[in-house]
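Single-letter residue listing:
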Amino acid sequence: MWFIFLVSCIVVALAALLVIWIGSKIFQSIERKDKLLEIETETYKEVKNRLKKEISREDKE
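Here we summarise the structure given alongside this text. (Residues numbered from 1 in each chain as written. Predicted model: local features only at pLDDT ≥ 70, side-chain atom pairs only at ≥ 80, totals over all residues. Heavy atoms only, no water.)

Digging into the overall build of the protein chain
In terms of helices and strands, the protein chain carries one helix and zero strands. Taking 2.2 N^0.38 as the reference for a compact globule, 61 residues should give roughly 10 Å; the C-alpha atoms of the protein chain span a radius of gyration of 26 Å, well beyond that estimate. Summarising its shape, the C-alpha atoms of the protein chain cover approximately 90 × 5 × 5 Å along the three principal directions. Relative to its 61 residues, the protein chain shows a buried fraction of 0%. For the protein chain, the exposed surface amounts to about 6300 Å²; the carbon and sulfur share of it is 67%. Side-chain charges of the protein chain comprise 11 positive and 10 negative groups, with the mean position of each set lying 4 Å from the other. (Helix = DSSP H or I, 4+ residues; strand = E, 2+ residues; numbered from the N terminus. Rg over C-alpha atoms; globule rule 2.2 N^0.38 Å. Buried < 20%, exposed > 50% of the residue type's maximum accessible area, 1.4 Å probe, protein only. Areas by Shrake-Rupley, 256 points an atom, 1.4 Å probe, with all protein chains shown as cover. Lys, Arg positive; Asp, Glu negative; His and termini not counted. Charge placed at Lys NZ, Arg CZ, Asp CG, Glu CD.)

Printed below as a string of structure tokens:
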């Protein structure tokens, strides 16, 4: 009887660890995509500012 109880506890613990591991991977993926989006947004703003400066230089000439 105790053996069945211990085995079931181990199975439940392993299932919990699996769920936590999967959640961790999902969370890491979301964070990676957020960082990539931030980098893309920052790059877009920088390129936009450079283009504005270049256009303003052409207008002055």
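With respect to a negative patch on the surface
Side chains of Glu31, Asp34, Glu38 and Glu42 sit close together on the surface and give a patch of like negative charge. We classify Glu31 as partly exposed; its relative accessible area is 36%. (Patch = residues over 30% accessible without salt bridge, like charges linked within 9 Å, V, L, I, M, F, W, Y side chains within 5 Å. Salt bridge = Lys/Arg side-chain N within 4 Å of Asp/Glu carboxyl O.)

Observations concerning the environment of Val19
For Val19, the position within the fold is in helix H1 (residues 2-60). Once the C-alpha coordinates of Val19 and Asp34 are considered, the two residues, 15 residues apart in sequence, prove to be 23 Å apart.

As for a nonpolar patch on the surface
A surface patch of nonpolar side chains, amounting to about 500 Å² of accessible area, comprises Leu18, Trp21, Ile22, Ile26 and Ile30. Looking at the element boundaries, Leu18 is found in helix H1.

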